[in-house]
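Coordinate analysis (summary)
Read off the chains here:
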Amino acid sequence: MDIHEYQAKEILAKFGVPVPRGGLAYSPEQAAYRAREIGGSVWVVKAQVHTGGRGKAGGVKVCKSEHEVEEAADRMLGRKLVTHQSGPAGKMVNRLYIEGGVNIAKEFYLGFVLDRSLQRVIVIASSEGGMDIEEIAEKNPDSIVRVPVEPAVGMQAFQAREIAFALGIPGAAVTEAAQTILGCYRAFRDKDGTMLEINPLVLTGENHLVALDAKMSFDDNALFRHPDISELRDKSQEDPRETQAADRGLSYVGLDGDVGCIVNGAGLAMATMDMILLAGGAPANFLDIGGGATPDRVAKAFRLVTQDKNVKAILVNIFAGINRCDWVAQGVVKAVEMTDLKLPLIVRLAGTHVEEGRRILAESGINVITAANLAEAASKSVAAAKAA
Ligand code: ADP
Ligand code: MG
């Protein structure tokens, strides 16, 4: 789960990470009021959307008066912000964060991710902040330092200081930098983060460190033990198809193709998408309906997949181990009847009670194309989608 910049900053502040003074605004008037509350003479109006690259897309505006703040807010609110990270559909701007302007002397990059091959949290830092880490990796790979954290003891103060030295942070600010890096690490660890990115982390003209931007994602499977984090979810920033799926306990990722996929098991779902591509088609989604899929769940999956207007054919691929093919077949028949399905439907069943499952499909009278194996199912689905 992703959260907004202002939410991430609120969390980080609790872990001792210095952040600029700021306040949330839902209207231009409120934005001007926030600026007055914050004080000073320079403010930054920042669109709160679940995507990066806002600065280059007009989603971050430096303002020199309350009037400018109000105008910038008016321009951003209620519009979709399209950035190079958001995808062409963009993200709707419903909230703004108004921040005090910071006197930037130097920008750094600081990130925390899980390195799956090392099975460790690693800290990634660079003296070249402000641009995307991908761009830094391309243009100045030598500026990047990677420090793995030993899970048994957590991040050590000396490691944080080493990172600060590697970034070339001046002596007077090293202690503050080390505290900031440790604070970020603790927030990431305590809240079960999967990603934390401070880009830029800045050194101010007064030799202080400030997290000027903050992006944070959390492990969905650990949200149950962080009700405070779950509450921060903003469904308006998510793909509505994925939100609906999550609410129904299904694991769904929307894609751009035209073959809808209903599969049990994440690995089989991945293999199914590969086979569709191999057959010259493109999957419309990833969908794992889970191991113990009941007829009811299959019906929910159908409704979800058919909501996507790009879908021209549906491929149901079930390998029943825990599940039973006869239940799945009942679910398919029920779903076709309930949703009044007009699209070509390709079904491949294998595993427990497969004969019974095939019999149910054959005798149901629904229009279904059956396939004996995955390759056949994929090529029949692609052909059906192309013919539609
Ligand atoms: P994004 O990464 O989405 O473009 P950032 O929060 O990183 O958004 O802002 C983009 C740039 O705007 C920063 O690199 C920084 O130069 C400037 N900026 C952001 N917040 C402030 C602030 N409070 N004071 C001064 N400059 C800022
Ligand atoms: Mg940024």
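Nothing here was measured: the structure is a model prediction, and the numbers come from that model.

**Observations regarding the side chain of R241**
Take R241: it is sitting in helix α8 (residues 240–247). There is a polar contact of 2.9 Å between the side chain of R241 and the side chain of D308. Excluding residues that lie within four positions of it along the chain, R241 makes contacts with Y252, G254, L255, A284, L304 and D308.

**Some remarks on the pairing of strand β13 (residues 251–254)**
Of the two faces of β13, the one holding Y252 and G254 is buried and the one holding S251 and V253 is not buried anywhere. Pairing of β13 with strand β15 (residues 285–288), which is carried by four bridges, proceeds in the antiparallel orientation. Residue S251 lies in a different strand from β15, and its bridge partner there is D288.

**Points about the domain arrangement of the chain**
For the chain, the assigned domains are domain 1 (1–19 + 103–238), domain 2 (21–101) and domain 3 (240–387). Taking the mean C-alpha position of each, domain 1 and domain 2 sit 22 Å from one another. Taken together, the contacts link 17 residues of domain 1 with 19 residues of domain 2. Between domain 1 and domain 2, the buried area comes to about 1,500 Å², and carbon and sulfur atoms account for 35% of it. On the domain 1 side of the contact with domain 2, E5, Y6 and Q237 bury the most area, a combined 41% of that side's loss. Our count for the contact surface shared by domain 1 and domain 2 stands at five salt bridges. Among the salt bridges present, the one from D234 reaches R95, with a minimum N-O distance of 3.6 Å. Applying the counting rule to domain 1 against domain 2 returns 14 residue pairs in polar contact (both at pLDDT 80 or more). Looking at the side of domain 1 that touches domain 2, the element that brings in the most residues is helix α1 (residues 5–14), giving four residues.

What counts and what doesn't
Residues numbered from 1 in each chain as written. Chains lettered and ligands numbered in written order. Predicted model: local features only at pLDDT ≥ 70, side-chain atom pairs only at ≥ 80, totals over all residues. Heavy atoms only, no water. Helix = DSSP H or I, 4+ residues; strand = E, 2+ residues; numbered from the N terminus. Polar contact = N/O pair within 3.5 Å; in protein donor to acceptor, adjacent residues only side chain to side chain. Contact = heavy atoms within 4.5 Å. Buried < 20%, exposed > 50% of the residue type's maximum accessible area, 1.4 Å probe, protein only. Pairing = 2+ DSSP bridges. Domains from an automatic or database assignment. Buried area = accessible area lost by both parts, 1.4 Å probe. Salt bridge = Lys/Arg side-chain N within 4 Å of Asp/Glu carboxyl O.

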